[in-house]
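Chains, contacts and geometry: an overview
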Amino acid sequence: MPTLRELLSSIKKIEHTPSGPLVEKTVARALLSLSPGAAIGASPGLGAPAGTIRVAVVPPSVRPASLHPGLEGKTGWMMVRVKEGVEILTDKEHLLYGLYTLIEEELHNSDAASYREGRILVTAFPEVRPVFDLFLTQWGRTVRNFDREEHIRTMARMGNSHVEVNGLAFHVPFERGPKGELLHRFYTYAPALDQFVTSRLNKGFYDDDYLQANLNYLKTNADLAEKYGLTPGIVCFEPRSVPDGLLERYPVLRGARVDHPMRSFHPRYNLSVAHPVVLEHYAEMMENLMKEVPRLGYMSIWSNDSGAGFEYTSSLYVGRNGGGYLVREWLAAGDIASAAAFNLVRFMKTLRDAGRRVNPAFRTLIRLEPFWEELDHIWKLLEDGLDVEVSSLLTRGWELSYKHPKYQEVPQIHGTALFNRFADSEKPVMEELVKKGSRADIYFVPEILGNHEPLMGIPFPRLVHEKLAAMANAGVVAAAYQGGPTPPSFVPYNINQEVVREFQFEPSVDIAAFMKRKAREWIGENLAADLVNLWELSDEAFRCFPIPIWIYAGWGVWYRLSIRPIVPNIEAIPEKDREYYENFLLATTHNRTRVDFRYDVGFDLIEPERAWTALAHMDEDLLPTMKKILDLLAVMESKAASPAEKAVVEDQRDRMVALRCWYRTERNVTAWVAGVHGYIESKDESFRKKCRALLKEMVLDEIANTQDLIHLWETARTNWMMISDVGETTFVYYRNIGDLMKKKVALMRGHEDDEPYVDPDFQWRVPGFTPESR
């Protein structure tokens, strides 16, 4: 009996259904790589005559068990069967291309006879969607050599069900602000509805060519999603601020003040969604967008951040506030929370109902993180098509839901959702939602966003598998892939991503056996065990990282950690010399983080005592583990003989060298807090000497560390880092990063013995004005 590949190569005809989804044609064309002599045609039915491949998404009207008894009661299934011809069938559009890739990559060498009774796969999660897709729609959309179709094709290959499509066509947002403010930069991500369409209320406030370009970008993404069988959706910060001119024309529609007082120099307000005219405005925009993209399946609402917010919710940057239609003065806090929750859910309903006028399956979701005061009130009002996205249903948000996998003393923090173990005890809460007709999409973070950004391709496969297995065991229906996947052209040996794909298609996967299989596939038998060991060590290194300062671990680029000097007294470097990074730093002139790594916008990011503890963990556990990795890579390099072996070793070596540099910078920033604040706060001279010694070592180590990173930047052929092809922004570095790192090194030299100092009155300075008291 021939192999499946041999059988497919003899096929003369590939049939799809005449009125089937577009993905059937996509897969039919893709199958020509396996059946080069075949002609493509369309015919009704689901069977495959001899010499034919049948490609089909089985319509809901067909009972699956009538096709195969093993499909009884199943959803999210895929089947390959060899009878007279070859049947390639799924029950969902989004699985068809993924099934094709399984055949093309893995199943083709199997004996064709083994498919006579049908090979059936059932997915772990009925739905997997990206959320805040870093490359396609967020700040990574300008990264060099990014290919939108490759990205969406990758999602289909992984068994994803949805694509987030609303990105801006431009690398910077339309929003502007006074010189020196930062808030407008946040409008580059999760763009609001009014960046694509208008209503009668706001028509003319944004240039038509600007809106058209953004809408075209969105529609192209949606078209590509349809090509691969995926459902498009949008993630928006809403209700977001509107142009001042709109509120000058309609002052009675002013809603909440939503800007951050430490990020903005100009107040920003949104429209009051408690007002029926504003609800009508949003409904009209939603319906206008749906008419442009009728397949749009959902809108995920992020809020109370980045220039957006709901009136009178407690977590607004400037506190509870809003228009005059929702609450009165002197109302009790509980009553305000109830009213604010009602207003929020009514907004969700308005968008859901508008969407369903075009697509009856449309739904809206709310990211629950900011609404801890309003949670119980929101929860009571959820219903069909009003859903939530969270990392934990026990807390119904992110706060206090994270436990470090290794260090018990590490506080429960707003950290990586990878470390949050989704528990079986979440099941009753999910069941409660289902009874309402609602549901929860649960976050997992297996890629760059929040983990080692801007590095790409850092392996931690066991952590990823543990998270997915915990979610599946708890009965999660929809997995929300934070940050989305990384294109394979950027990271060709992405074991994390392969674990996500394998788990989706084979939930019972033996993770150890799978890693060995992938290692053999990529590097061959000679070095496979070493490659698996490398992945295991990298996974262990991540577990040894105590996340000392979560905001730097998640968004270190925003704080320019790779290019800014780390010295005991930052102001010992003249301000003019610091401009090259301060112009892009996420810190206004009155934000202490310009001169003090411990603080940012009112947060005390880490106390010195914990900084010393975290430092010990990194010196005793993390960095020795990274040394083991690099020692192993040296051995692998000496053993690598074939081009394939050398290519994998080079790729993994470059990523691990970059990772060690990343961890060392995180370590040195932590040492800065321990040493500088330890010195300032202590009167014990022996301890102060210890702090000075630590800071001297920190400066010298960071200089050496940055030189290692410069060498990697100048010599590596691996695409190991997100780099914009357009220009530097607060969120992504540009191709001049090598020069900026050299500037960092030059500025740090000679400052290792500086006395630690932070001006305690830094935030009270007023640029351009000197009080008499000074």
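Residues numbered from 1 in each chain as written. Predicted model: local features only at pLDDT ≥ 70, side-chain atom pairs only at ≥ 80, totals over all residues. Heavy atoms only, no water.

**Observations regarding the packing of aromatic side chains**
Scanning the entire structure with this criterion turns up 41 aromatic pairs. Between Tyr97 and Tyr228, the ring centres sit 5.0 Å apart and the planes meet at 85°, which makes this aromatic pair edge-to-face. One end of the pair, Tyr97, is in helix 4 (residues 93–107); the other, Tyr228, is in the loop between helix 6 (208–227) and strand 9 (231–237), and 131 residues separate them in sequence. For Tyr228, a relative accessible area of 4% translates into the label buried. Between Tyr189 and Phe237, the ring centres sit 5.9 Å apart and the planes meet at 55°, which makes this aromatic pair tilted. Taken together, the residues Tyr189 in the loop between strand 8 (162–164) and helix 6 and Phe237 in strand 9 connect sequence positions 48 residues apart. (Phe/Tyr/Trp six-rings, centres within 6.5 Å; stacked < 30°, edge-to-face > 60°. Helix = DSSP H or I, 4+ residues; strand = E, 2+ residues; numbered from the N terminus. Buried < 20%, exposed > 50% of the residue type's maximum accessible area, 1.4 Å probe, protein only.)

**Remarks on the sheet that holds strand 13 (residues 363–367)**
By definition, the strands of a sheet pair up through backbone hydrogen bonds, in either a parallel or an antiparallel sense. Pairing in this open sheet of eight strands is parallel, and the strands run 7-16-15-14-13-12-9-8 from one edge to the other. Across the chains shown, the open sheet's two edge strands, defined by having one partner strand only, are strand 7 (127–131) and strand 8. For this sheet the average axis-to-axis angle between neighbouring strands, irrespective of direction, equals 30°. Pairing geometry for strand 12 (residues 298–302) and strand 13, over four bridges, is parallel. Following the sheet pairing, Met299 is matched in strand 13 by Thr364. Against the sheet, helix 9 (residues 333–356) contacts strand 12, strand 13 and strand 14 (386–390), and its axis sits at roughly 150° relative to strand 13. (Pairing = 2+ DSSP bridges. Axes fitted to C-alpha atoms, helices over the stretch in contact; angles between N-to-C directions. Contact = heavy atoms within 4.5 Å.)

**Remarks on the sheet that holds strand 1 (residues 13–16)**
As summarised here, the arrangement of the six strands in space is 2-1-3-5-4-6, forming an open sheet in which the pairing is mixed. In the strand order of this sheet, the two ends are held by strand 2 (39–42) and strand 6 (119–122), each with one partner. When strand polarity is set aside, the average angle formed by the axes of neighbouring strands in this sheet is 15°. Two elements, strand 4 (residues 77–82) and strand 6, share four bridges in a ladder whose sense is antiparallel. Looking at the pairing, Val80 lines up with Arg119 of strand 6. Contacts from helix 2 (residues 22–30) reach strand 1, strand 2 and strand 3 (52–57) within the one sheet, and its direction differs from that of strand 3 by about 150°.

**With respect to helix 18 (residues 608–639)**
Across its 32 residues, helix 18 extends 45 Å between first and last C-alpha, which sits within 8% of the 46 Å expected from 1.5 Å per residue. Along its length, helix 18 reaches its greatest deviation from straightness, about 40°, at Met618. (Expected span 1.5 Å × (residues − 1). Bend = angle between axes of the 7 residues up to and from the residue.)

**Details of the packing of helix 12 (residues 461–473) against helix 15 (residues 525–543)**
The contact between helix 12 and helix 15 brings their axes to 7 Å, and the two run at 70°. Here helix 12 is positioned roughly perpendicular relative to helix 15, judged by the angle of their axes. Residues Pro461, Arg462, Leu463 and Glu466 of helix 12 form the contact with helix 15, whose participating residues are Trp535, Glu536, Asp539, Phe542 and Arg543. Across the contact of helix 12 with helix 15, the residue classes tally to four nonpolar, no polar and five charged. (Parallel < 35°, antiparallel > 145°, perpendicular 65-115°, else oblique. Nonpolar A, V, L, I, M, F, W, Y, C, P; charged D, E, K, R; others polar.)

**Considerations on the packing of helix 12 against helix 13 (residues 495–505)**
Remark: helix 12 packs on helix 13, axes separated minimally by 9 Å, with the N-to-C direction vectors making an angle of 25°. For the element pair helix 12 / helix 13, the angle class is roughly parallel. Helix-helix and strand crossings are classified by hand; for helix 12 and helix 13 the assignment is right-handed. Along the contact surface, helix 12 presents Pro461, Val464, His465, Leu468, Ala469 and Ala472, while helix 13 presents Ile495, Asn496, Val499, Val500 and Phe503. Tallied by class, residues from the contact of helix 12 with helix 13 come to nine nonpolar, two polar and no charged. (Left-handed = near helix turned anticlockwise from the far one by under 90°.)

**With respect to the pairing of strand 16 (residues 478–482)**
Most of strand 16 is tucked away, with five of its five residues classed as buried. Residues Ala478, Ala480 and Gln482 of strand 16 are buried on one face, and the alternating residues Ala479 and Tyr481, pointing to the opposite face, are buried as well. Where strand 7 lies against strand 16, five bridges are found, and the strand directions are parallel. Note on strand 16: the bridge partner recorded for Pro130 is Tyr481. Bridge count between strand 15 (residues 440–444) and strand 16: four bridges; the pairing is parallel. The partner of Tyr443 across the bridge, within strand 16, is Ala480.

**Thoughts on the confidence of the model for the protein chain**
Confidence in the prediction of the protein chain, expressed as mean pLDDT, is 94, and 97% of residues score 70 or more. Under a pLDDT of 50 for its full length, residues 397–401 has, in the predicted model, 21 contacts with residues more than four places off or in other chains. (pLDDT = per-residue confidence, 0-100.)

**Notes on unusual backbone geometry**
Following Glu238, the chain continues into Pro239 via a peptide bond in cis, with omega recorded as -15°. In this structure, Pro239 sits in the loop between strand 9 and helix 7 (244–249). Note the cis peptide between Glu453 and Pro454, where omega equals 15°. Looking at the element boundaries, Pro454 is found in the loop between strand 15 and helix 12. Residue His452 is not a glycine yet carries a positive backbone phi of 65°. Among the secondary structure elements, His452 is positioned in the loop between strand 15 and helix 12. A relative accessible area of 1% places His452 in the buried class.

**A look at the nonpolar core**
Ranked by internal contacts, the top residues of the largest apolar core, which has 238 residues, are Ile234 and Met286. It is helix 19 (residues 643–681) that contributes the most residues to this core, 16 residues altogether. Excluding residues that lie within four positions of it along the chain, Met286 makes contacts with Leu193, Ile234, Leu296, Met299, Leu351, Ala354, Gly355 and Phe362. Among the nonpolar cores identified, the runner-up in size contains eight residues, and Ala56, Val58, Trp77 and Met79 belong to it. (Core = buried A, V, L, I, M, F, W, Y, C linked by side-chain atoms within 4.5 Å.)

**Some thoughts on the environment of Leu107**
By the element assignment, Leu107 lies in helix 4. Note on Leu107: relative accessible area 9%, which makes it buried. Residues Leu107 and His281, spaced 174 residues apart in sequence, show a C-alpha to C-alpha distance of 52 Å. Leu107 has contacts with Leu4, Leu102, Tyr115 and Arg119, leaving out every residue within four places of it along the chain.

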